[in-house]
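Each chain, written out:
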Amino acid sequence: MHSNSLQEPRSLMELKHSDFKYDREPVIQDFSLKIFPGEFVGVIGPNGSGKSTLLKLLGGILPGPKNSVYFDGLDLRLQKRKTLAQSIAWVPQENPMVFPFKASEVVLMGRHPYLSALAFESEEDCRIARRAMDLTHTSQFANRLFNEISSGEKQRVMIAAAIAQEPRAMLLDEPTSALDLKFQMEILNILKKMNRDQGATIVMALHDLHLASKFCDRLVLIKNGRLVEEGPPATVLQRDLLKTVYEIDVKIIRDETDGSFLISPEAQGPNS
Amino acid sequence: MTFNFMNKKRYLTVVGLFFVLLVATLAVAPMIGSTKIDFSRAFSNQIPFADNVDANILFIVRLPRILLAALTGAALAVAGAVFQAVLRNDLAAPITLGVSGGAALGAVIAIRLGWAFTFLGFSSVPVFAFLGAMTALAVVFSLVRVRHRELPTSYLLLAGVTVNFFFASMVMMIHYLSNITQSFQIVRWLMGGLDITDYQTLISIAPLVFGGISVIIYLARDLNLLSAGAEPAMSRGVDVVKTQLAGLLAAALITAVVVAVTGPIGFVGLIVPHIVRLMIGPDHRLLIPSAMFFGASFMIFCDTLARTLLAPTEIPVGVITALIGGPFFFWLLKKQQSS
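Computed from a prediction, not measured in an experiment: that's the story for all the values here.

## Section: the domain arrangement of chain A
Residue and element names in this part refer to chain A.
And step 1. Assigned domains of chain A: these are domain 1 (6–87 + 169–272) and domain 2 (95–166).
And step 2. Summarising the inter-unit geometry, the C-alpha centres of domain 1 and domain 2 are found 25 Å apart.
And step 3. Contacts between the two partners involve 17 residues from domain 1 and, on the opposite side, 17 residues from domain 2.
And step 4. Each partner contributes to the roughly 1,400 Å² buried at the junction of domain 1 and domain 2, and carbon and sulfur atoms together form 67% of this total.
And step 5. The tally of links between domain 1 and domain 2 comes to one salt bridge.
And step 6. Across the pair Arg156 and Glu186 runs a salt bridge whose closest N-O atoms are separated by 3.4 Å.
And step 7. Counting every contact that joins domain 1 to domain 2 gives five residue pairs in polar contact (both at pLDDT 80 or more).
And step 8. Those elements giving two or more residues to the side of domain 1 that touches domain 2 turn out to be helix H2 (81–85), strand E7 (169–173) and helix H6 (181–198).
And step 9. Counting residues per element, the side of domain 1 that touches domain 2 draws most heavily on H6, at eight residues.

Below you can see the structure in the form of structure tokens.
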């Protein structure tokens, strides 16, 4: 221990040299990462680089090896699912629902970790769910069937369910994919609000590098399941780094109004 | 904005109504039959029971049969609802998972071999049918690999249907090689029926059916989340593997137990959960107990028709369940879509 080193704040989530394999195919390799309370972190990288798996490992949706995934300083494997669900919410990319549940019923499912086996949702649970729907502007279709609303509305309902879970950390897998610009901004603004007003820690996988730089405090760049670089957007969004990871040449333009970065792929000539 | 949610009041109203339906069915069904019975005579303690024809018909012929119908309907409907939730598929049911085919093969083997023994109050045919049903499920589930807790539904159903066909062919072969007496017994069993019943059988199967259904009721809210995906359920604190295992085992047990006694009665396990879902929505806390009462009432209703429509000839009850249930289901489906 160096006496001159600053006391580092305690991490909320941590991966320590984590590995994960699907059918012996390594997806995450020797991955170390700390997420601190109140951070807004973006995970970026090409398709199939392991972004979704990384989020699932952090949330304990996929079982990591022993002594490699931590929440609040404790090995995730040793914590009860229900207790964990009171602290971490995970929003998947797609939400296929087989049966005709109403949007409000889907949001109320977020209260599951707080209810004993045979209990019904209390007035308080309903109040919390209703507030989550107000926050995500989904109240107007509370009584519509989840299967019959648009994909942007579904995504917002799933975020409302995650908010109703009252977690300390939210993990989101491409929450804005397949949405138009307005819905993308709406969802990211909701997350920013959760982060700013309630101190929720946000970790999300994102394809859009510009939006990532606009909203995230810190970016985590991964390729082939390995950490390439992490840090503030200005550090990670470097021409040479992106060239290594995405295998294309890009121009990086700084938007002075908000400090975000526009990443523009360079047109390639027919002979290149 | 009305925020519809589950509470005790809604639960008691909905489940209470289905319970009343079952009580009414249970009360009316014994009065109907090919022979008219005099209830004042049946309950009279002046006449010795052995000489009391009305009491004999009521207590020995009709009542156990009606109670078996209730147990069978309840078990099949609840099992179907669980299979559909855990496999997240509308077509999951005892038949499409091979359970019925397995039970049939077991029963046919017992009849062909002519083995006669009793085990825990069951004769050889139901014991073999039970073993067959469990074997079929084991085969179906061993064929698929569970990847990260998400059951590969389409493979399971494909495997189930294949196992059912395979077993059906073996049933046909054994049937072909049987003598005329065995052949008649086999046909009779395969048609499914509630007629061969005594109280001993009821006492043997009732605790298993109620035990299985209790486990499932305990899992009801977990099933809601599971039906929305294994991983999302996990992120909300559901112990996914435990719920899948407990749910499937309980559903398989209650199915195998009743199918072993009654023979394969199609349709109830597939359609009753859908009918009830169309009436009251997909929440399993309501759906499971409601499907239990509705399944029981539906089965008693169908069996009453089966034994009276062409009296004194009986129609196999499986024919009635499909003939009544099919159009009723279409009607509900159409009504649902137009609203």
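After presenting the structure, the write-up continues.
## Section: the packing of helix H1 (residues 8–28) of chain B against helix H13 (residues 284–308) of chain B
If you want to describe how two helices pack, look at the angle between their axes and the distance between the axes.
Residues and elements named next belong to chain B.
And step 1. With their axes 9 Å apart at the nearest point, H1 and H13 run at an angle of 15 degrees to one another. It follows from the interaxial angle that H1 and H13 lie roughly parallel. Note on packing geometry: the crossing formed by H1 with H13 is left-handed. On H13, the residues touching Arg10, Tyr11, Val14, Val15, Phe18, Phe19, Leu21, Leu22, Thr25 and Leu26 of H1 are Arg285, Leu286, Pro289, Ser290, Phe293, Phe294, Ala296, Ser297, Ile300 and Phe301.

## Some words on the interface of chain B and chain A
Interfaces are often sized by the accessible area lost when the parts come together.
And step 1. With 37 residues of chain B at the contact, the number on the chain A side is 47 residues.
And step 2. Note on chain B versus chain A: buried area summed over both sides is about 3,700 Å², and carbon and sulfur give 59% of it.
And step 3. For the pair chain B and chain A, the interface holds two salt bridges.
And step 4. The shortest N-O distance in the salt bridge between Glu121 of chain A and Arg285 of chain B comes to 3.2 Å.
And step 5. In this assembly, chain B and chain A are joined by 11 residue pairs in polar contact (both at pLDDT 80 or more).
And step 6. Within the residue set of the side of chain B that touches chain A, elements represented by two or more residues are H1, helix H3 (53–87), helix H8 (199–218), helix H9 (220–226) and helix H10 (230–235) of chain B.
And step 7. Class assignment of the residues belonging to the side of chain B that touches chain A gives a composition of 14 nonpolar, 10 polar and 13 charged.

## Some words on H1 of chain B
Residue and element names in this part refer to chain B.
And step 1. In a regular helix each residue adds 1.5 Å, so 21 residues correspond to 30 Å; H1 covers 30 Å between its end C-alpha atoms and thus fits that length.
And step 2. For H1, every residue scored as buried is listed here: Val14, Val15, Phe18, Leu22 and Thr25.
And step 3. Where H1 is buried, its residues meet helix H12 (268–280) and H13.

## Describing the pattern of salt bridges
Residues and elements named next belong to chain A.
And step 1. Enumeration over the complete set of coordinates arrives at 22 salt bridges over all chains.
And step 2. A salt bridge links Glu247 to Lys223, with the nearest nitrogen and oxygen atoms 3.1 Å apart. Within this pair, whereas Glu247 is found in the loop between helix H9 (239–246) and strand E11 (250–255), its partner Lys223 is found in strand E9 (residues 218–223), the two being separated by 24 residues in sequence.
And step 3. Bridged by salt links that share partners, the residues Arg111, Asp125, Arg131 and Glu166 form one connected network.

## As for the sheet that holds strand E2 (residues 25–35) of chain A
Residue and element names in this part refer to chain A.
And step 1. Read across the open sheet, the four strands follow the order E2-E1-E4-E5; overall the sheet is antiparallel. Where the open sheet ends on each side, the last strands, each with one partner, are E2 and strand E5 (74–75).
And step 2. Bridge analysis of strand E1 (residues 13–22) against E2 gives seven bridges, and the strand direction is antiparallel. If you follow Tyr22 over to E2, its bridge partner there is Glu25.

## Digging into the sheet that holds strand E6 (residues 88–91) of chain A
Residue and element names in this part refer to chain A.
And step 1. On the basis of which strands lie adjacent, the open sheet formed by six strands has the order E6-E7-E8-E3-E9-E10 and mixed pairing. Of all the strands in the sheet, the pair left with one neighbour each is E6 and strand E10 (226–231). The sheet shows a mean angle of 15 degrees between the axes of neighbouring strands, direction not considered.
And step 2. The sheet contact formed by E7 and strand E8 (residues 201–205) spans five bridges and is parallel. Residue Met170 lies in a different strand from E8, and its bridge partner there is Ile202.
And step 3. Its contacts with the sheet put helix H1 (residues 51–59) on strand E3 (40–44), E6, E7, E8 and E9, and the angle it makes with E7 is roughly 155 degrees.
And step 4. Contacting E3, E7 and E8, H6 runs over the sheet at an angle of about 150 degrees to E8.

The rules behind these values
- Residues numbered from 1 in each chain as written.
- Chains lettered and ligands numbered in written order.
- Predicted model: local features only at pLDDT ≥ 70, side-chain atom pairs only at ≥ 80, totals over all residues.
- Heavy atoms only, no water.
- Domains from an automatic or database assignment.
- Contact = heavy atoms within 4.5 Å.
- Buried area = accessible area lost by both parts, 1.4 Å probe.
- Salt bridge = Lys/Arg side-chain N within 4 Å of Asp/Glu carboxyl O.
- Polar contact = N/O pair within 3.5 Å; in protein donor to acceptor, adjacent residues only side chain to side chain.
- Helix = DSSP H or I, 4+ residues; strand = E, 2+ residues; numbered from the N terminus.
- Axes fitted to C-alpha atoms, helices over the stretch in contact; angles between N-to-C directions.
- Parallel < 35°, antiparallel > 145°, perpendicular 65-115°, else oblique.
- Left-handed = near helix turned anticlockwise from the far one by under 90°.
- Nonpolar A, V, L, I, M, F, W, Y, C, P; charged D, E, K, R; others polar.
- Expected span 1.5 Å × (residues − 1).
- Buried < 20%, exposed > 50% of the residue type's maximum accessible area, 1.4 Å probe, protein only.
- Pairing = 2+ DSSP bridges.

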